[in-house]
Every structure is written in structure tokens, then in C-alpha cells.
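Reading the structure
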Amino acid sequence: MAVLFPLSTPKRYVITVLATIISLHYLLTIVYEDYGRISSFGNINERTGERHGNDNVSMLNYNSLQTFQNMTGPRANATFVLLARNSDLAGVVNSMQSAEDRFNRHYHYPWVLLNEEPFTDEFKERVTVLTRAPIFFGLIPKEHWFQPDWIDEERARAGRQKMMAQRIIYGGKYRNMCRFNSGFFFQHELLQPYRPDVKFFCDLDYDPFLYMQEHDKVYSFTISLFEWEPTIPTLWQTVKDFIAEYPQYVENHNAMDFLSNDGGKSYNLCHFWSNFEIADMNFWRSEAYTTFFEYLETKGGFYYERWGDAPVHSIAAALFARRDQIHFFRDIGYRHEPFQHCPLGEQWTRGRCSCDQKDTFDYTQNSCLKKFEKLFA
């Protein structure tokens, strides 16, 4: 699920729900823009809701946009961002229906759907009936999605084949997605928010975007776990080299102890699972993060290895934000195969959660939640 802009008023949050990616302005991806002005979406015909001057962007539910703009009461500058292909339709429908039923039917935050190819009319029709909120459909620029020409394809192929031979899950897949989600999704004009089938288990009786805005949070998660070390063999050394070259970007009150058991000498592989994350777009667009991504990009590790957006996002949040700006949404029940977070006790009851309290990843052997909680002990 996952999602962050600079605006004149509230911060932008995007909720990211990876449908092949989801991000929130806090990232499902939920993103903020000043929807009262809606200037980032360009010239929209007030009668038809069509946007002119850009073949890569389309919009449906325009009347809902007017409703959203006219709504009163506290509201975050946020949107859902969903990365999906046309073939992901069934999973997208399930994911959007779950988010709408449990939360968004009360708030009508807009949806931004991104694809590497144009969405079909059938896709647009099927998802538009699921929500009264505005929906924007965008095309990902080719230079943001496909492998750069300067990458040595022979070396990259050898890396993929090695991981597949080792039977590493997704060892031969998703490199374009990981790179896009790490460094480009927040640059898309619709945000100026991976497997789609996700599920929200509990009702939310408050607005998580406003919560993050009002409590100065820049990143949040529901599941944390260990990364597959063979997919990132040189990532941590690259991070250490970056820190040595750009020490000014490291926050004094950081969360290094979540990432490392020895003060940064080695990486313990803990990361926040980016299938659901809510993040401030201003953080992704900050000088610290953009410099960090550009540094990683020059190393080619997204293709020569399989640097994922989850460890990249997690390492950046842990190093460049204060530890108290990272938040665990304990009361948001969420599943993305094969793991789920299920609230417990009173939160489970209050949220009318449909998950089994005994089936939660929080304190299992491969969870990093205890490491995160220890930051505040």
C-alpha cells in the first residue's frame, strides 16, 4: 500500500500499497497536493473532467473531485498511489475495495494509478465504480521504468541468473519496479503516490494522514522484516561510503540502531516492508534523499544485484529522519501475501478486525518489530 510534497500549507502524505506498488503523499501510495487548487493536474475541463495538453494523464470521477474540494473539516493533503498493470485488474479491484470499505468511503481521498503502458478502458471502468473519490490514471515515463542504456546487460543478466540458480524469491524479477519506487515515483507529474492483492482487516475511525501531519511523522509502516542478503551484497558498503562522503545528511537522533547491531559497521538486514507505507513526499524529495538515490543509481546495484525499494526507503528513513518521526501503525490491520499484521486486544475489537489475532507477523522469528520498539525503550 503505499505516500510527500512541498506545498504552502499541509505536508503531503502518500500511502503506498504496492500493487506491483502502492505508495501514500503519505504512500498506498497516498500523496498530498493542494487539491483545493489542484494545479498540479493541469488544465481540467470543468464540464467533462478531461485534462488537456497531456496524453499521459487522464481522470475520471471529476464530480467527486469537486465534492472533495468542497468538503469541510480537517483534511490532509494526501492521495493513494497504486502502481499496477492491466493484468493486475483483479488484485487492484480487491485492494481498492478493501481500502474503500475500511477507510476511504468516509474521506474520499483521491487515487492515482500508474502503469508502464496505458490503462485499458475496461480497467478504468472496473475501478472507477469502486469509489466516489477522484481517480487519476498516469503513464510512467520510459526513462523512469526501463533499464538505463549505460547498464552492462551481460553483467546484469549474470546477476539475475545467479539469483535464480540460488532459488532466491523474485531473483529474476522486479528490478525496474524497485528502481522506480526507490527514486522516481514521487517525480511523476500526478504526484508533483507491488503485487496488487492486499487486504485491510480493520475499520479506521480516524484519518492516518492527519495523524502523521499533526504529529510530525515522515514515515510509517505495519510490517518489518529481514531482507534477503544475497539480493543486496554491496548495498550497505555503498551506504557507508555515502555517509562518509555526505555526513551532513545524517540526522543526529537517527534510527541507526534499527539497521545495525554494531553502530553501523554492518547491516542487520532489518527494513520496513514497503508494500504498505505512508510517507511524506517532502522527505522523498528532500536534498538528502535525492542525493542518496542518485548516489545509489550510479552504482548500478538495482540491476547488477537486486536492491529493493524497501531497504532503500528504510535505510533513508532511519538515517535522515529523527527516530521519533517513524511510526508503527499498530491499529491498521494489513495483509500482503504471505505476511500480515493483525491488531490485538482492544484495537482488534474497536476496528472490527476480520483477521485472526493469533496470525500476526509482529513478533515472529523473522520480524524486526522488537528492534524498532527497542529504539524507544
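As a reminder, the structure under discussion sits directly above these lines.
This structure is a prediction, so every number in the text was calculated from the model and none was measured.

1. Some words on the packing of helix α8 (residues 235-245) against helix α13 (residues 309-320)
Across the interface, α8 lies against α13 with an axial gap of 12 Å and an inter-helix angle of 30 degrees. As for how α8 packs across α13, the hand of that crossing is right-handed. Across the interface between the two elements, Leu-235, Trp-236, Val-239, Phe-242 and Ile-243 from α8 touch Pro-311, Ile-315, Leu-319 and Phe-320 from α13.

2. Some remarks on the side chain of Gln-340
Turning to its location among the elements, Gln-340 is positioned in strand β17 (residues 339-341). At 2.7 Å, the side chain of Gln-340 and the side chain of Arg-335 are in polar contact.

3. Thoughts on a nonpolar patch on the surface
Taken together, the side chains of Ile-169, Tyr-170 and Trp-228 make up a nonpolar region of the molecular surface, amounting to roughly 300 Å² of accessible area. With a relative accessible area of 44%, Ile-169 lands in the partly exposed category.

4. Things to note about the state of the cysteines
Enumeration over the complete set of coordinates arrives at three disulfides. Sulfur-sulfur distance for the disulfide between Cys-270 and Cys-368 comes to 2.1 Å. One disulfide, between Cys-270 and Cys-368, carries an S-S torsion of -85 degrees and so falls in the left-handed class. Residue Cys-270 is located in strand β13 (residues 270-272), and its partner Cys-368 is located in the loop between α14 (345-350) and α15 (369-374); the two are separated by 98 residues in the primary sequence. Cys-368 carries the same exposure label as Cys-270, and that label is buried.

5. Here's the deal with the pairing of strand β9 (residues 135-139)
With respect to burial, β9 is a largely interior element, four of its five residues being buried. Bridge count between strand β8 (residues 111-115) and β9: five bridges; the pairing is parallel. By the bridge assignment, Val-112 is partnered in β9 with Phe-136. The parallel pair β8 and β9 is bridged by helix α3 (residues 121-128), and the resulting crossover is right-handed.

Rules of the game
- Residues numbered from 1 in each chain as written.
- Predicted model: local features only at pLDDT ≥ 70, side-chain atom pairs only at ≥ 80, totals over all residues.
- Heavy atoms only, no water.
- Axes fitted to C-alpha atoms, helices over the stretch in contact; angles between N-to-C directions.
- Helix = DSSP H or I, 4+ residues; strand = E, 2+ residues; numbered from the N terminus.
- Left-handed = near helix turned anticlockwise from the far one by under 90°.
- Contact = heavy atoms within 4.5 Å.
- Polar contact = N/O pair within 3.5 Å; in protein donor to acceptor, adjacent residues only side chain to side chain.
- Patch = residues over 30% accessible without salt bridge, like charges linked within 9 Å, V, L, I, M, F, W, Y side chains within 5 Å.
- Areas by Shrake-Rupley, 256 points an atom, 1.4 Å probe, with all protein chains shown as cover.
- Salt bridge = Lys/Arg side-chain N within 4 Å of Asp/Glu carboxyl O.
- Buried < 20%, exposed > 50% of the residue type's maximum accessible area, 1.4 Å probe, protein only.
- Disulfide = S-S within 2.5 Å.
- Pairing = 2+ DSSP bridges.
- Right-handed = clockwise from strand over helix to strand, strands pointing away.

What is shown is where atoms sit, not what they do.
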